[in-house]
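Below, each chain spelled out in residue letters.
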Amino acid sequence: MSEFADAARLAYVSGWAATNGPFTDQVRAGCAAAVALACEHDTEPGVLEATVRLGELEGIWAEVYARRDALVDERTRLAATAWTSLTVTADVAGSVATFRRRLALASEATDPETRDRHRAEAIAAALLLLSGIVRDRHDPKFVALATLVTDALRAAWAEGYAGALALAAHQAGHGPVDVAAVFADAYTDHPADPALAAAVITALIRAAAGDVAAVLARLADDGADYDEMVRSVWDLLDDDELRALTVGMDVAMGSEFARAGLSLYREHGAQYVDFVTVGGALVCGLCMDAESAGPYPIGGAPPPPLHPYCRCVLIPTSPLTLDVFPYLLGGSR
Ligand SMILES: [Zn+2]
Ligand SMILES: [Zn+2]
């Protein structure tokens, strides 16, 4: 991890240096957290982009991003616990046995065809395995996962709304807003959406099945035995940092942050929005292009996140006229 950690630390520190701020304990703690985050996700595109952004943020921006990251971390951890308690019932042994039996029956082809066959059978086996886990929608363990994801999305919407209001108030020259108070009201006003959560869980299952299928196909290509296949699938399913789940939660909650912001801007008659990245050399090309192509009519902007761990936001091109009086901290400036 060390080479990547160094790059991430450098990215964070150069982001901090651009602000001319003091290197306080808080900055030091932020650096360690950003480096840990970057190392956890070092295979994801745009991870250094997120790292430099976290280091550069000040004031209300820093608060909005710190709150978002804490919320995503907390809810992802809860969902991961519910997920692993659900997957302990998975029939990994049966699925691997079926996978191997079907391959043996069918293996007579030349190399590329055999590999294609491995892939196709692996996808079938993985989908069957994962759909088995969620077959019973009344299983209390499934209900627990669905409830957690539903509430995570509701909270993400409220957080997105609160953050957007705080940023829009800052943009319009108002004093600092009590983000927690806005969050509480937005959470109360925004109904839970179990159907959205069900769609997110379906996507999580598909992504996890894709990861399981990739492992099975690779092991079949390598001529691995039954025990190794079972062990490898369990290693993947058991992992409470399962990539499919952490990425899926990041994208689903990120999408709610953006949707809530757009809802606030629409409420206040915004016509155009800008797509905003941190800037600098480490932003990925996709996000850079999205930024340069703005401003966009409010219905036509590319909705963040453009990829997992994308931290870009949409902000109104012209400051909004807002009544933030009830939420101002310590009176207006
Ligand atoms: Zn990007
Ligand atoms: Zn981005």
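Residues numbered from 1 in each chain as written. Chains lettered and ligands numbered in written order. Predicted model: local features only at pLDDT ≥ 70, side-chain atom pairs only at ≥ 80, totals over all residues. Heavy atoms only, no water.

Asker: Please explain the nonpolar core as it appears in this structure.
Answerer: Across soluble globular proteins, nonpolar side chains have a tendency to be buried as a group. Leu130, Leu216 and Tyr265 are the most contacted members of the largest nonpolar core, which totals 96 residues. For this core, the leading source of residues is helix α7 (residues 140-171), giving 18 residues. (Core = buried A, V, L, I, M, F, W, Y, C linked by side-chain atoms within 4.5 Å. Buried < 20%, exposed > 50% of the residue type's maximum accessible area, 1.4 Å probe, protein only. Helix = DSSP H or I, 4+ residues; strand = E, 2+ residues; numbered from the N terminus.)

Asker: How do you make sense of α7 when you look at a structure like this?
Answerer: Think of an α-helix as 3.6 residues a turn; residues three or four steps apart then line up on the same face. For α7, with 32 residues, the first-to-last C-alpha span of 46 Å sits near the 46 Å given by 1.5 Å per residue. Where α7 begins, the capping side chain belongs to Asp139, and its oxygen is found 2.9 Å from the backbone nitrogen of Lys141. Downstream of α7 by one or two residues, Gly173 has phi in the positive range, about 85°. (Expected span 1.5 Å × (residues − 1). Polar contact = N/O pair within 3.5 Å; in protein donor to acceptor, adjacent residues only side chain to side chain.)

Asker: Explain the coordination of the zinc ion (ligand 2) to me, please; I cannot follow it from the model alone.
Answerer: Ideal geometry at a metal gives 109.5 degrees between four tetrahedral donors and either 90 or 180 degrees between six octahedral ones. The zinc ion (ligand 2) binds to the protein through Cys287 (SG), Cys310 (SG) and Cys312 (SG), with metal-donor distances spanning 2.2 to 2.3 Å. Each donor residue of the zinc ion (ligand 2) lies on one chain, and together they are spaced C-x22-C-x1-C. (Donors = N, O, S within 2.8 Å, 3.2 Å for Na, K, Ca; no water.)

Asker: Is there a simple way to explain the packing of α7 against helix α9 (residues 194-221) in this structure?
Answerer: Helix-helix packing is characterised by the crossing angle of the two axes and by the distance between the axes. Contact pair α7 / α9: the axes reach a minimum separation of 9 Å and the direction vectors enclose 110°. As far as their axial angle goes, α9 and α7 are roughly perpendicular. Here α7 runs over α9; the crossing is right-handed. Residues Phe142, Leu145, Ala146, Val149, Thr150 and Leu153 of α7 form the contact with α9, whose own contacting residues are Pro194, Leu196, Ala197, Val200 and Ile201. Taken together, the residues that form the contact of α7 with α9 break down as 10 nonpolar, one polar and no charged. (Axes fitted to C-alpha atoms, helices over the stretch in contact; angles between N-to-C directions. Parallel < 35°, antiparallel > 145°, perpendicular 65-115°, else oblique. Left-handed = near helix turned anticlockwise from the far one by under 90°. Contact = heavy atoms within 4.5 Å. Nonpolar A, V, L, I, M, F, W, Y, C, P; charged D, E, K, R; others polar.)

Asker: Explain the pairing of strand β1 (residues 272-276) to me, please; I cannot follow it from the model alone.
Answerer: Moving residue by residue along a regular strand, the side chains alternate between the two faces of the sheet. Where β1 and strand β2 (residues 296-297) come together, two bridges link them in antiparallel fashion. Counted as the bridge partner of Val273 is Tyr296 from β2. In this structure, β1 lies alongside strand β3 (residues 313-316), joined through four bridges in antiparallel fashion. Bridging across to β3, Val273 finds its partner in Pro316. (Pairing = 2+ DSSP bridges.)

Asker: I keep staring at the environment of Phe325 and nothing clicks. Help me out?
Answerer: By the secondary structure assignment, Phe325 is in the segment after β3. For Phe325, a relative accessible area of 64% corresponds to the exposed category. Separated by 151 residues in the primary sequence, Phe325 and His174 place their C-alpha atoms 9.0 Å from one another.

Asker: Explanation requested: the side chain of His190 in the structure shown.
Answerer: Inspection of the secondary structure puts His190 in the loop between α8 (179-189) and α9. Look past the residues within four positions of His190 in its chain and what remains in contact with it is Arg154 and Trp157.

Asker: How do you make sense of the packing of α9 against helix α11 (residues 243-267) when you look at a structure like this?
Answerer: Axis separation between α9 and α11 bottoms out at 9 Å; the angle between their running directions is 145°. Crossing of α9 against α11: the hand is right-handed. In this structure, α9 contributes Leu196, Val200, Leu204, Ala207, Ala208 and Asp211 to the contact, and α11 contributes Arg243, Ala244, Leu245, Gly248, Met249, Ala252, Glu256 and Arg259. A breakdown of the residues in the contact of α9 with α11 according to their chemical character gives nine nonpolar, one polar and four charged.

Asker: Would you mind going over unusual backbone geometry with me for this structure?
Answerer: Negative phi characterises most residues that are not glycine, and trans characterises most peptide bonds. The peptide bond linking Gly294 to Pro295 adopts the cis configuration, its omega dihedral lying at -5°. Its place among the elements puts Pro295 in the loop between α12 (285-292) and β2. Note the cis peptide between Pro304 and Pro305, where omega equals 0°. Looking at where Pro305 falls in the secondary structure, it is placed in the loop between β2 and β3. Positive phi, close to 65°, is recorded for Tyr309, a residue that is not glycine. With respect to the element layout, Tyr309 can be found in the loop between β2 and β3.

Asker: What am I meant to see in the sheet that holds β2 here?
Answerer: Pairing within the open sheet is antiparallel, and its three strands lie in the order β2-β1-β3. Edge positions in the sheet fall to β2 and β3, since each of these pairs with one other strand and no more. Where α12 meets the sheet, its contacts fall on β1 and β2, and the angle it forms with β1 comes to roughly 150°.

Asker: So what exactly am I meant to see when it comes to a negative patch on the surface here?
Answerer: Where like charges cluster on the molecular surface, the negative patch consists of Asp235, Asp238, Asp239, Asp240 and Glu241. The residue Asp240 is located in the loop between α10 (226-238) and α11 in this model. (Patch = residues over 30% accessible without salt bridge, like charges linked within 9 Å, V, L, I, M, F, W, Y side chains within 5 Å. Areas by Shrake-Rupley, 256 points an atom, 1.4 Å probe, with all protein chains shown as cover. Salt bridge = Lys/Arg side-chain N within 4 Å of Asp/Glu carboxyl O. Lys, Arg positive; Asp, Glu negative; His and termini not counted. Charge placed at Lys NZ, Arg CZ, Asp CG, Glu CD.)

Asker: What exactly am I supposed to notice about the confidence of the model for the protein here?
Answerer: One rule of thumb: low pLDDT means the predicted coordinates there are not for detailed reading. Mean pLDDT over the protein works out to 82, with 78% of the residues at or above the 70 mark. A low-confidence stretch, residues 13-28 stays under pLDDT 50, and its non-local contacts, those more than four residues away or across chains, total 16 contacts. Here residues 48-52 is modelled with pLDDT under 50, and outside its nearest four sequence neighbours on either side it reaches 24 contacts, counting other chains as well. (pLDDT = per-residue confidence, 0-100.)

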